[in-house]
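# Fold and contact review
Letter by letter, the chains look like this.
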Amino acid sequence: MFGPRAEVVAVWVVVIGGMLGFSGTVIPVGGTGPNAALHPAMAPPLLPDSYVLSFNESGLPSGANWSVSVNGTSQNSTNSSISFIEPNGTYAWALTPIPGYTTSWNGSAVVNGTNVTVNVPFSAVTYPVTFDETGLPGGSLWSVVLNYGYQETANSSLVFEEPNGTYDWTVGPEAGYTTQWSGTVAVDATNVTVAIPFSVQNYTVTFEEVGLPSATDWSVAIGGSAWSSAGATIALDEPNGTYSYALSTVNPVFAASSGTFVVNGSAILVPVDFGVVTYPVTTTETGLPAGSAWWVDGPVIAFESSTSNSLSFTAMNGTYTYSAVPGNGQYAATGGTFTVNGSAISVPVTFELVTYLVTFTAVGLPTGTGWSVSGPTLGTQASTNATLAFSEPNGTYEYTVTTVDSEFVGPVGALTVSGLAVDRTVSFQAYTFGITFTAAGLPSLTAWTVSGPVLGSQSSTAPILTFFEPNGTYSFRAATADGDYSSAGGSVTVAGSAVGETLAFVPVTFPVTFTSSGLPAGTAWWVNGTPLGSQNSTAGTLRFAEPNGTYAYAVASANKEYAASVGAITVNGSPLAPAIAFSLVTHAVTFSATGLRPGTKWSVTIRGQTYYSTGTSITVEVPNGTYTYTIGGLPGYSAARSQGVVTVNGGDAVQTLSFTASGAAPTWFGLPPTVGDALVAGLAVLVVAALLAIVRKRRGRKGASSPPTAPS
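Residues numbered from 1 in each chain as written. Predicted model: local features only at pLDDT ≥ 70, side-chain atom pairs only at ≥ 80, totals over all residues. Heavy atoms only, no water.

Moving on, we get to the side chain of threonine 523. On the secondary structure map, threonine 523 appears in the loop between strand S56 (510-517) and strand S57 (525-529). Of the polar contacts made by the side chain of threonine 523, one reaches the backbone oxygen of proline 520; its length is 2.8 Å. Leave out the neighbours within four places in its chain, and threonine 523 touches Ser537, Thr538, Ser557 and Asn559. (Helix = DSSP H or I, 4+ residues; strand = E, 2+ residues; numbered from the N terminus. Polar contact = N/O pair within 3.5 Å; in protein donor to acceptor, adjacent residues only side chain to side chain. Contact = heavy atoms within 4.5 Å.)

Attention now moves to a nonpolar patch on the surface. On the surface, Val253, Val276 and Met316 cluster together to form a nonpolar patch covering roughly 270 Å² of accessible area. Positionally, methionine 316 belongs in the loop between strand S33 (310-315) and strand S34 (318-326). (Patch = residues over 30% accessible without salt bridge, like charges linked within 9 Å, V, L, I, M, F, W, Y side chains within 5 Å. Areas by Shrake-Rupley, 256 points an atom, 1.4 Å probe, with all protein chains shown as cover. Salt bridge = Lys/Arg side-chain N within 4 Å of Asp/Glu carboxyl O.)

A separate point is the packing of aromatic side chains. Summed over all chains, the structure comprises 28 aromatic pairs. A ring pair is formed by phenylalanine 131 and tryptophan 169, whose centres lie 5.7 Å apart and whose planes are at 70 degrees; its orientation type is edge-to-face. Taken as a pair, phenylalanine 131 in strand S12 (residues 126-134) and tryptophan 169 in strand S16 (residues 165-171) lie far apart in primary sequence, 38 residues in all. Considered together, phenylalanine 131 and tryptophan 169 belong to a single accessibility category, that of buried residues. Consider the rings of tryptophan 371 and phenylalanine 428, whose centres lie 6.1 Å apart with planes at 80 degrees: the pair is edge-to-face. Placement of tryptophan 371 in strand S39 (residues 371-375) and of phenylalanine 428 in the loop between strand S45 (422-427) and strand S46 (429-430) is noted, with a sequence separation of 57 residues between them. We note that tryptophan 371, like phenylalanine 428, is buried. Through a chain of ring-to-ring contacts, the aromatic side chains of Phe207, Tyr243, Tyr245 and Phe261 assemble into a single cluster. Taking the ring centre of tyrosine 612 as reference, the NZ or CZ of lysine 601 above it sits at 5.0 Å. (Phe/Tyr/Trp six-rings, centres within 6.5 Å; stacked < 30°, edge-to-face > 60°. Buried < 20%, exposed > 50% of the residue type's maximum accessible area, 1.4 Å probe, protein only. Lys NZ or Arg CZ within 6 Å of the ring centre and 35° of its normal.)

Next up on the list: the sheet that holds strand S28 (residues 268-273). In spatial order, the strands read S24-S21-S28; together these 3 strands make up an open sheet with mixed pairing. Two strands in the sheet have a free side with no partner beyond their single neighbour: strand S24 (233-239) and S28. Here the strands of the sheet are splayed against their neighbours by 25 degrees on average, with no regard to which way each runs. When strand S21 (residues 202-210) meets S24, the two strands line up antiparallel, connected through 7 bridges. Among the inter-strand pairings, valine 205 is bridged to a residue of S24, identified as leucine 236. (Pairing = 2+ DSSP bridges. Axes fitted to C-alpha atoms, helices over the stretch in contact; angles between N-to-C directions.)

A word on the confidence of the model for the chain. Per-residue pLDDT for the chain averages 85, and the proportion of residues at 70 or more is 88%. Counting contacts from residues 1-44, a segment whose pLDDT is below 50, to residues more than four positions away or on other chains yields 74 contacts. (pLDDT = per-residue confidence, 0-100.)

Shown next, in the form of structure tokens:
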């Protein structure tokens, strides 16, 4: 069962309750099978199918005794391993508790055809070790070393975690404080607190004076405490820190400066030098340009100078006379006195420029007009009076003169002050801008004019006219010289710059009012012409606006029964009112008679009016329409019809009337009509012949006369 290379090993075997266990070192010795790990010379053969169940601990101190119980069988050891021989199966195990350590104290293991190892890690139980400090200022950093562990904090506590045992501790040094800096602490299954009370450490501070007469009392004050002595030193104890101190003495003639000292871990010596008491005198100047040199001098005062605005020196109690002198001769200051009486004093010194009056007098402005003078050095002044005055030191001054009235402009110049007053007269000039009028709509070379109450008047045949005017608003009108064109006119405003205005010229027109008459009320009528155009109305007037010229026109009516004559008008610089007389449009209706003896008087009545004739026709003018007419009765004649109807429709009409003799015919003095007619005709011829003979006879007599002759 074991091979030839088997070695003898120290092994002891215990059989408890039929179970085989062992403790010690197990060395493999060759061979095969589940029990080959046991040396045959030291242990009986393992039961068939038995295996090693090992428990390996870690974390315990070397040589510590520990034990394991498996299914009621216990083993203990001071080594790190305990083993059991077990067949296949499940085994409950438990560890015997060890004070100060913790682990999994029990469990189960399964053996199933192979050796099994159970690891048992022990860890020490720790307890808080707290270090509590007192006495340090809040936020101070401090530290502790415990059992080679280091911690620091700005809080009041430090906490370590330690197992049972006794440990050395050390507190880090804190400058200016003292405490128990080291010690030991024992941890025995409970929390431990170590108090670290810090206390301030004091150091000796020695003040040593010189300068006081012997046995003169003097004192040192620090904070609210004071220490006094009539000797040369005063000693006191203070912890680390920086301290301010004040020194005093019962002898008012002497004084020492206050100061500060620093305590830093050791005793110190503070020297004190008492001297004769003087007090600061600070003179502060105003009025000089920055960086100017100036001086303070006097019978007692040493000659003191400065280029800043203050000058300081010391003086004992007393009254002092002084004078202030500027380095810049354009300034001066008044001296005086000051008194020192047990405290520092301030003495103001006021320098003032030596100035001369500079007067500006304005001319050319309307009374009461605001104006101003300004310059880089002068500054600015304004007035509504005639003068402005500046006070200026010697020098050359540029100036600009302006006015609130933009119609005027002032001069720019410079003047020099040289120890005397200066008077300067400044003249204002009216400030004008171009107003350019441009004519549009005029025939070439037409003379035109722009005029206004303020502008005056200008004329040109060119298209541009220019006026130059100050700021303001200007009314204007424009027209041509011949009056044929005009512009609307208006106003133009000048406000600090040139202005352009375009004038649109249009022909000058005059009203032409046509008045109609003769039409029925409400009848539409027209006036047409070139270039009149066309207008219509149902009222009595039509109005045109036309320039000078002659205009032909025609007239029409919506009622074609009425018409008016064409005509022409001439516009010549004044309104016209042509009258248009409408009349009915008529046509001739001619009644022609046949069958009447010549000279027979006959008549026709139409439209209520009777017309007579001794000829062969009667003509009547009537408008379009259908009319009834009646033939007047004639003795001895009968008409073919005594009345009838005639229609007029845009043209003349003719009506023929036939008469026939009826009954006894009329006679001439009992003669038949034909004989009577012949006699009348013959008598007429005789009368005409007689009249002609008389006329010829009278003309012959006039031709036979001759002028008288002179006697022989």
